[in-house]
Amino acid sequence: MSKPDDPRASNPQDPEKLRFHFTPSADSDSRRDDRATDNPHAKDTTRVPEVIEALQDEFGAAVLELERYANEDTVYVEKRRIREICRFLRAEEDFDYFADLGGIDRFTEEDRYEVFYNLVSTERQKRIRLKVRVDETDMTVPSVTDVYRAANWNEREAYDMFGFEFVDHPDPRRMYMPEDFEYHPLRKEFPQLGVPGSLPLPPQTPDGELTMDPFAAAHGSKPVKSYDEPSTDPDSE
Amino acid sequence: MAEKPQFPGHDLGDQFRFWPKHNEKIYERLENKHAWLEEKQAAAQGDGEPPATRKSELDPLENEMILNIGPQHPATHGVLRCVVKLDGETIEKSVLDIGYLHRGIEKLAESKTYQEFMPYTDRMDYLSPYSNNVAWCLAVEKLAGIEVPERAQWIRMIMSELARISSHCLWLGVGMMDAGAVSGFVWTFQEREEIYSIMDEVAGARFTVSHSRIGGVANDLSPRAIEMIRDFIGKFPDRIAGWEGLLNKNRIWIERNKGVGRITKEEALELGVTGPNLRGSGVPYDVRRFEPYLKYDEVDFTIPVREAGDCLARYFLRLDEMKQSVRIIEQCLDRMTEGPIRSDDAKEAYPSKDEVYYSMEGMIHDFMYTDVGTVPPKGAHSYHAIEGPKGELGFYLTSDGTGRPWRVRINAPSFTNLQAMEYMMEGSLVADTVVIIGSIDPVMGEADK
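This structure is a prediction, so every number in the text was calculated from the model and none was measured.

A. Representation of the overall build of chain A in the model. For chain A, the helix and strand inventory stands at four helices and seven strands. Counting from the amino terminus, helix and strand elements in chain A follow one another as α-α-β-β-α-β-β-β-β-α-β. For chain A, the proportion of its 237 residues judged to be buried stands at 33%. For chain A, long-range pairs separated by at least 24 residues make up 46% of all intrachain contacts whose partners lie at least 6 apart in sequence.

Below, the structure is given as structure tokens:
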């Protein structure tokens, strides 16, 4: 126990937890269980136990892990079998609509990246989320474009933003950034103001040079002006 | 910096000084697209030569041409660039190039608190900012498990349906203008102008409203605002009837739209088309019915569906949707209950201004909410989608247990619709691209994120 009168009496190894209103408390296990299903915005559509069962029967060990939060089922599957799993879901389980795909940078030592797949069955009124983990050393992910054509642009975007290599993708170009750009901006190590010189922009004066750094002032140099500033002479007033 | 690309026989001067590889790749893609089909055709002809090349030698009108439409073109509704390969007047292949409005808001969100990100959502689908605010709030509330008071839910519903009307009004006006009727744009903009005034009265801003808050809404509807909304929905059905009278039997309008940009049910599902474009092809997928949020399961409305899948079907469908929105707003106004408009837990929502200005706790809570904000549990991740005017607008959020999101993934309807448009354009006339772009109704602010 710490005594507020004598700060030296408290054990520095065991600092008193601030009884502050906003300190996020560590989750106890019982609360975590509540959170798995209890949520004011929970929907029935995101619970798919029978689909998960079918996946486990069909693919066995390729279904790695199950997670539930806010009544949403997430299925972690093996990366190299994602295409088969998507094909199975589409053919056998009526997941006919591809809603979303994207990457996540977890910034961990192992299995740094994740790709999630958000699939919808308009027939059964269900939604499922698949996730694969991708290690930094092997950025390949099998492309699902021949199962869901709609994945095309989403995969291009994930490649653009994180640098995944989607194997057998019909059109492996960047989505937003120009091809000349060398980085993957949504990776956690990419600076928010960009890398100076990585993205040449049009000149800011009619006969000027290309703009190499649009945030020159933030990087400590003087930005080019497209006009001559009138001289500010305090005496002229 | 990369080197200047070589185009043998053409001196392009300084045209390709920046991003040379980018343009090269686009043209390369244009050549390679459906290349297997051309090879098949050439094989069927017996010689290795593609048939179009021979034709062009004989007939100057049948030659191939590559045309860049956009990114700065009034018909592309923003900075959309379509690179098309024409055979005469028919589009053989098309490649869309987007990203001219890419601001990286997914990246920016990672360094903002959940509430701070709200103004960025206004600038995604800037034709219906309120829907985006609601989508963002609901996504965060689901992630953090925040319950929203009932009155706030009704207010959000009213305002997002108004946003839908406003967005569809713009679509109709611009659609008419694309087809050649300039005066229609002014008429629909008058209605939009009234919705702006309502937004002004409710939120204090006409365009980028940012009125919804995490845990509720910023302030209650004033009696005057309710009166304005009632007034608006009272006369709006007459306006729709007026537009229908103008267009439904209008020969130019029908002929410009019928059978143009057709997409079948199967194709639409396969290409992941969303929103009115998907329902225009006969798939009754609407997030308001699929997974009802707010109070959509308590109000009575229908989901208009059309089977034809062409621009005309999408026109009828959007008009029907506006009528349904009016119906929803009427019911919301009747059923709206009195009560708080924001959660009163200081970890879930901002305190009211009265508390902030006149009590110490209120001020501390306000400060802490601005500084730290809502803190969802560590490792939580959830997806929440709403039916925006353009389609399914979803946010997939991942939390790391701090007040700032670890990753924000935006499932933008315009993005998915544009992907399908690339295929829709192929085989149509170049003059029809204008109508097709108009009827798909993409907003580049959203598609480019």
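What follows picks up the thread again.
B. Representation of the overall build of chain B in the model. Broken down by element type, chain B carries 19 helices and eight strands. Taking all 449 residues of chain B together, 50% fall into the buried category. In chain B, once contacts between residues fewer than 6 apart in sequence are set aside, the share between residues at least 24 apart is 67%.

C. Representation of the pairing of strand β2 (residues 72–77) of chain A in the model. Residue and element names in this part refer to chain A. As judged from the six bridges shared by strand β1 (residues 63–69) and β2, these two strands associate in the antiparallel manner. Considered in β2, the bridge of R68 is made with D73. Linking β1 to β2, which pair antiparallel, is a turn of two residues; within it A70 sits at a positive phi near 50°. Where β2 and strand β5 (residues 126–134) come together, four bridges link them in parallel fashion. Paired with Y76 across the two strands is K131, which belongs to β5.

D. Highlighting the domain arrangement of chain B. All names here are of chain B. Under the domain assignment, chain B is made up of domain 1 (20–97) and domain 2 (105–145 + 148–342 + 376–447). On a C-alpha basis, the centres of domain 1 and domain 2 stand 34 Å from each other. Contact with domain 1, which involves 18 residues of that partner, is made by 16 residues of domain 2. If one sorts the elements of the side of domain 1 that touches domain 2 by residue count, strand β3 (residues 90–97) sits on top with seven residues. Looking at side-chain class alone, the side of domain 1 that touches domain 2 contains ten nonpolar, five polar and three charged residues.

E. Region of interest: the interface of chain B and chain A. Taken together, the contact between chain B and chain A spans 54 residues of the former and 43 residues of the latter. Residue assignment for the side of chain B that touches chain A shows that the elements contributing at least two residues are α1 (20–32), α4 (105–109), α6 (129–144), α11 (265–270), β6 (378–387), β7 (392–400), β8 (405–411) and α17 (413–425) of chain B. The class makeup of the residues in the side of chain B that touches chain A is 22 nonpolar, 16 polar and 16 charged.

F. View of the sheet that holds strand β3 (residues 97–105) of chain A. Residue and element names in this part refer to chain A. An order of β1-β2-β5-β4-β3 is seen for the five strands of this open sheet, with the pairing classed as mixed. Where the open sheet ends on each side, the last strands, each with one partner, are β1 and β3. Sheet twist, expressed as the mean angle between neighbouring strand axes with direction ignored, is 20°. Sheet strands touched by helix α2 (residues 49–59): β1, β2 and β5. Its angle to β1, the strand with the most contacts, is close to 170°. Set on the sheet, helix α4 (residues 151–162) makes contact with β3 and β4 (113–121); between it and β3 the angle comes to about 5°.

G. Fine view of the nonpolar core. Counting residues in each nonpolar core, the largest one holds 158 residues, and the members touching the most others are V115 and F164 of chain A together with V140 and I158 of chain B. At 16 residues, the largest contribution of residues to this core is made by helix α7 (residues 150–179) of chain B. Residue-level mapping places this core at the junction of two domains, with at least three residues from each of domain 1 (20–97) and domain 2 (105–145 + 148–342 + 376–447) of chain B.

H. Expanded view of the environment of E106 of chain B. With respect to the helices and strands, the residue E106 of chain B is situated in helix α4. For the pair formed by E106 of chain B and F117 of chain B, sequence separation is eleven residues and the distance between their alpha carbons is 9.8 Å. With residues up to four places along the chain from it excluded, the contact list for E106 of chain B reads L186 of chain A together with V408, R409, I410 and K449 of chain B.

I. Main features of the sheet that holds β3 of chain B. Residue and element names in this part refer to chain B. Pairing within the open sheet is antiparallel, and its three strands lie in the order β1-β2-β3. Two strands close off the open sheet at either side, each with one partner strand: β1 (64–69) and β3. Between one strand axis and the next, the sheet turns by 20° as a mean value, whatever way the strands run. Relative to β3, strand β2 (residues 81–87) runs antiparallel, the two sharing seven bridges. Its bridge partner lying in β3, V84 is registered against S94. Packing against the sheet, α1 makes contact with β1, β2 and β3, and its axis sits at approximately 145° to β3. Those strands touched by α17 are β2 and β3, and its axis lies near 160° from that of β3.

J. Structural context of the packing of α6 of chain B against α7 of chain B. All names here are of chain B. Direction vectors running N to C along α6 and α7 enclose 140°, while the axes themselves pass 7 Å from each other. Here α7 runs oblique to α6, going by the angle between their axes. The chirality of how α6 crosses α7 is left-handed. Each of P129, Y130, S131 and V134 in α6 lies in contact with α7, whose residues at this interface are R156, M159, S160, A163 and R164.

K. Region of interest: the environment of S325 of chain B. All names here are of chain B. Considering the arrangement of structural elements, one finds S325 in helix α14 (residues 311–335). When the C-alpha positions of S325 and L101 are compared, they lie 30 Å apart, and in sequence the two are 224 residues distant. Ignoring anything within four residues of it in the chain, the contact list for S325 reads E161, R164 and I165.

L. Layout of the confidence of the model for chain B. Taken residue by residue, chain B gives an average pLDDT of 86. The fraction at 70 or more is 90%. For this predicted complex, the interface score ipTM comes out at 0.85, while the overall pTM is 0.86.

M. Inspection of the packing of helix α8 (residues 182–203) of chain B against helix α9 (residues 223–247) of chain B at higher detail. Residues and elements named next belong to chain B. Here α8 crosses α9 at 165°, and the two axes come no closer than 10 Å. What the angle tells us is that α8 and α9 run roughly antiparallel. As α8 packs across α9, the resulting crossing turns out to be left-handed. On α9, the residues that touch E191, E194, S197, I198, E201 and V202 of α8 are R224, A225, M228, I229, F232, F236 and R239. Broken down by class, the residue content of the contact of α8 with α9 amounts to seven nonpolar, one polar and five charged.

N. Region of interest: unusual backbone geometry. Residue and element names in this part refer to chain B. Positioned with a positive phi, L294 is a non-glycine residue whose angle comes to about 45°. Considering the arrangement of structural elements, one finds L294 in the loop between α13 (287–290) and α14. Even without glycine at this site, D441 takes up a positive phi of about 60°. When you line up the elements, D441 lands in the loop between α18 (432–440) and α19 (444–447).

O. Fine view of the confidence of the model for chain A. For chain A, per-residue confidence averages 81 on the pLDDT scale, and 84% of positions sit at 70 or higher. Contacts for the low-pLDDT stretch residues 18–24 of chain A, under 50 throughout, to residues beyond four places or in other chains number seven contacts.

What counts and what doesn't
Residues numbered from 1 in each chain as written. Chains lettered and ligands numbered in written order. Predicted model: local features only at pLDDT ≥ 70, side-chain atom pairs only at ≥ 80, totals over all residues. Helix = DSSP H or I, 4+ residues; strand = E, 2+ residues; numbered from the N terminus. Buried ≥ 20, exposed ≤ 12 C-beta atoms within 10 Å, placed from the backbone. Contact = placed C-beta atoms within 7 Å. Pairing = 2+ DSSP bridges. Domains from an automatic or database assignment. Nonpolar A, V, L, I, M, F, W, Y, C, P; charged D, E, K, R; others polar. Axes fitted to C-alpha atoms, helices over the stretch in contact; angles between N-to-C directions. Core = buried A, V, L, I, M, F, W, Y, C linked by C-beta atoms within 7 Å. Parallel < 35°, antiparallel > 145°, perpendicular 65-115°, else oblique. Left-handed = near helix turned anticlockwise from the far one by under 90°. pLDDT = per-residue confidence, 0-100.

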